[in-house]
Amino acid sequence: MKAPVLEIRDFNVDYGLGDQAVRAVRDVTLTLHRGEVLGLAGESGSGKSTLAYGVTRLLPPPGVISGGSVIYHPPGDQPYDVMGLADAELRAFRWAETSIVFQGAMNSLNPVHKVSTQMLDVIRAHEPQLTPPARVARAKEMLKLVGISADRMDAYPHQLSGGMRQRVMIGMALVLEPQIVIMDEPTTALDVVMQRQILAQLVELRERLDFSVLFITHDLSLLVEFADRIAIMYGGRIVEEARSAELYKDSLHPYSEGLLRSFPALRGPRRELSGIPGSPPDLRGMPSGCAFHPRCPHAFDRCSTEIPVLGVPAARNDPNRSVACWLPGRVPVA
Ligand code: ATP
Ligand code: SF4
């Protein structure tokens, strides 16, 4: 595994204050390594977007970061905690070091300006030292990399298809050559073929430009195909983390198993689709112990009284895996 680029440690986010507060992200510890695609999956409401907004400090009220740190490791420089940055440093961090593509980003292009104008604005604001011809060259190069020909640069957003607009947004996210790209359901509004094309292109670009990606989706099948590692989130917590192939072949958490049974097998024999009974937990009344216990087919006494600890499962003893479950063999090594 390569060196870490972003370390999220004991991160907590609440909505509201005092007695009214509900905790949407709970004690999340997650590391993104240099050059990897880390997938974050879980049902709607599991806290994925809240985590992404929290770590980039873009959380709108009533969201409050109630604890934890986010350590960024700049190449060749000392690591620092994003939570401690002043406003001006934070703005620079968000564009130059980290870029974010949120849900429905393709609709956030300004409809009255050409794609070229919007892209050049970003470059001018953050790299004022570049000459105008150098800015145009950079914008053209980036659009070409995401599969948009230079002659579409002067198009208005409405003259492009949804897939093209989303590629433009990904190009904008990459134009300042960030170290980290956070993508929150960036392709959900597109058809399945387009989703896969864009993702395949992103993975190829990552290999050429060497950035790291935190890719958030409720669609685990996408991650199994494209991510290097996958973290599964439930009720605001990470419940399992593993390399994609291992999670697909040998998931350890019953919730991950349920998610995997919710889409057809990618290869090999057909398997029965069954999904997960019940609904995700309500933050205002989280189940005691393991939050998944009311839906878990394997739940036993301990599950409703003690919160399982996320750690390396005793039965696998692989430092690259972790799971939070009380089933025998899955309890972490001490
Ligand atoms: P989705 O895929 O639907 O975006 P998610 O996994 O990204 O889901 P979040 O959007 O992070 O989940 O939501 C986590 C929890 O926080 C949910 O239970 C949601 O109801 C709650 N939540 C989100 N925004 C607010 C808000 N502004 N006020 C109160 N609760 C909120
Ligand atoms: Fe199921 Fe218990 Fe494991 Fe939770 S701790 S996933 S309820 S077996």
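Further up the page is the structure itself.
Residues numbered from 1 in each chain as written. Chains lettered and ligands numbered in written order. Predicted model: local features only at pLDDT ≥ 70, side-chain atom pairs only at ≥ 80, totals over all residues. Heavy atoms only, no water.

## As for empty space enclosed by the protein
- On inspection of all chains with the given rule, the structure shows six cavities of 30 Å³ or more.
- Across the lining of the largest cavity, the residue classes tally to eleven nonpolar, three polar and no charged.
- Size it by volume and the second largest cavity reaches roughly 40 Å³.
- Lining the second largest cavity, in full, are V146, R167, I170, I198, Q201, L202 and L205.
- Residue assignment for the lining of the second largest cavity shows that the elements contributing at least two residues are α5 (162-174) and α6 (192-209).
- The element contributing the most residues to the lining of the second largest cavity is α6, with four residues.
- Class assignment for the residues of the lining of the second largest cavity results in five nonpolar, one polar and one charged. (1 Å grid on protein atoms, 1.4 Å probe; cavity = no way out; pocket = protein on both sides within 12 Å on 5 of 7 lines; lining within 4 Å. Points joined across faces, edges and corners; volume = space filled by probe spheres on them. Nonpolar A, V, L, I, M, F, W, Y, C, P; charged D, E, K, R; others polar. Helix = DSSP H or I, 4+ residues; strand = E, 2+ residues; numbered from the N terminus.)

## Quick look at the site of ligand 2
- Around ligand 2 there are 13 residues in total, and C290, C296, C303, C325 and W326 lie nearest to it.
- Among the residues making up the shell around ligand 2, the classes are represented as ten nonpolar, three polar and no charged. (Near = heavy atom within 4 Å.)

## Observations regarding the sheet that holds strand β5 (residues 80-81)
- The antiparallel open sheet is built from four strands, whose spatial order is β2-β1-β4-β5. Unpaired on one side and paired on the other, β2 (22-33) and β5 mark the two borders of the sheet.
- Examined bridge by bridge, strand β1 (residues 4-15) and strand β4 (residues 63-72) share eight bridges and lie antiparallel to one another. What sits directly across from L6, in β4, is Y72.
- Here helix α1 (residues 48-55) sits on the sheet in contact with β1, β2 and β4, set at roughly 115° to β1. (Pairing = 2+ DSSP bridges. Contact = heavy atoms within 4.5 Å. Axes fitted to C-alpha atoms, helices over the stretch in contact; angles between N-to-C directions.)

## Re the packing of aromatic side chains
- Evaluation of the coordinates by the stated rule reveals five aromatic pairs.
- The interplanar angle of 80° and the centroid separation of 5.1 Å between the aromatic rings of Y234 and F292 together place this pair among those described as edge-to-face. Of this pair, Y234 sits in strand β9 (residues 229-234) while F292 sits in the loop between α9 (254-260) and β11 (322-323), placing them 58 residues apart in sequence. As far as the burial class goes, Y234 and F292 line up, both buried.
- Taken together, Y72, Y80 and F93 form an aromatic cluster joined through their ring pairs.
- Note that R302 overlies the ring of W326, its terminal NZ or CZ placed 3.6 Å from the centroid. (Phe/Tyr/Trp six-rings, centres within 6.5 Å; stacked < 30°, edge-to-face > 60°. Buried < 20%, exposed > 50% of the residue type's maximum accessible area, 1.4 Å probe, protein only. Lys NZ or Arg CZ within 6 Å of the ring centre and 35° of its normal.)

No statement about biological role is implied by the geometric values presented.
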